[in-house]
Amino acid sequence: MNIISCVSSNWAIGNNNHLLYNIPSDMEYFKSMTLNRTVIMGRHTYESLKIKPLPNRNNVVLSSSCKYDGISICRNIEEVYRLIANIPTDDVFIIGGENVYKSFIDDCSTAYITKVLDIRNADTFFPINLDDSNNWHLVQQSKIFEHNGLNYSFNVYRKDVL
């Protein structure tokens, strides 16, 4: 499985159920990576989406209380794994929030991280700093881009296979 996120310099991902950054090229990157694939998210992430469900994707929401049409709802992690059992792992993306990242990161092998060189007030964070992890390694990094005074790069991390 894959994990995808946009993080600040201190690996923050959100505040008050909103993304920290609205960078059009990051949104395009997210779309290009997840289009025609399965995306797994928590209820809060789903509810924060401007367009529900995400078009041209198999939307899976992990929630015990969510009741929406046009998506797959799983009440627990075991249900998610049963649902995706026959889907190639390269076609599955964990897209947030914090608790969903925590629940699935150990089973992910690739992380697509847009890293913004900035720090903002936040109440949700990516579960680990991949740069400081012994198991994850940066294998690809784009040049530094700029949008409205924010510098950012697209990064790919891979986890050691044990």
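So, here is what we can say about the structure in this document. Given the structure is predicted, the values throughout are model-derived calculations rather than measurements.

Section: the packing of aromatic side chains
With the rule as written, the count across this model stands at 10 aromatic pairs. Relative to Phe 126, the ring of Trp 11 lies with its centre 5.6 Å away and its plane at 40°, an arrangement referred to as tilted. Of this pair, Trp 11 sits in the loop between strand 1 (2-7) and strand 2 (12-15) while Phe 126 is found in the loop between strand 9 (124-125) and strand 10 (136-141), placing the two residues 115 residues apart along the sequence. When its relative accessible area of 3% is taken as the criterion, Trp 11 is described as buried.

Describing the pairing of strand 1
With six of six residues buried, strand 1 lies mostly within the body of the structure. Burial along strand 1 is two-sided: Asn 2, Ile 4 and Cys 6 facing one way and Ile 3, Ser 5 and Val 7 facing the other are all buried. Across two bridges, the pairing between strand 1 and strand 7 (residues 92-96) is parallel. If you follow Ile 3 over to strand 7, its bridge partner there is Ile 94.

Here's the deal with helix 1 (residues 24-34)
Listing the buried residues of helix 1 in full gives Asp 26, Tyr 29, Met 33 and Thr 34. Looking straight down helix 1, one finds that the buried residues subtend no more than 110° of arc, so they occupy a single side. Contacts made by the buried residues of helix 1 are with strand 1, strand 4 (38-42), strand 7, strand 8 (110-116) and strand 12 (150-159). Of the residues trailing helix 1, Asn 36 is marked for its positive phi of about 65°.

A word on the pattern of salt bridges
Under the counting rule described, the total for this entry stands at five salt bridges. Arg 43 is the partner of Glu 47 in a salt bridge, and the nearest nitrogen-oxygen pair spans 3.1 Å. On the criterion of helical spacing, the pair formed by Glu 47 and Arg 43 is a turn pair, its members being four residues apart in helix 2 (residues 43-48).

Notes on the environment of Tyr 81
Note that Tyr 81 resides in helix 3 (residues 77-83). It is 26 Å that separates the C-alpha atoms of Tyr 81 and Leu 19, two residues lying 62 residues apart in sequence. Those residues within four positions of Tyr 81 in sequence are excluded, and the remaining contacts are Met 1, Phe 104 and Asp 107. Within the structure, Tyr 81 has its side chain in polar contact with the side chain of Asp 107 (distance 2.3 Å).

Rules used in this analysis
Residues numbered from 1 in each chain as written. Predicted model: local features only at pLDDT ≥ 70, side-chain atom pairs only at ≥ 80, totals over all residues. Heavy atoms only, no water. Phe/Tyr/Trp six-rings, centres within 6.5 Å; stacked < 30°, edge-to-face > 60°. Helix = DSSP H or I, 4+ residues; strand = E, 2+ residues; numbered from the N terminus. Buried < 20%, exposed > 50% of the residue type's maximum accessible area, 1.4 Å probe, protein only. Pairing = 2+ DSSP bridges. Arc of directions from axis to C-beta. Contact = heavy atoms within 4.5 Å. Salt bridge = Lys/Arg side-chain N within 4 Å of Asp/Glu carboxyl O. Polar contact = N/O pair within 3.5 Å; in protein donor to acceptor, adjacent residues only side chain to side chain.

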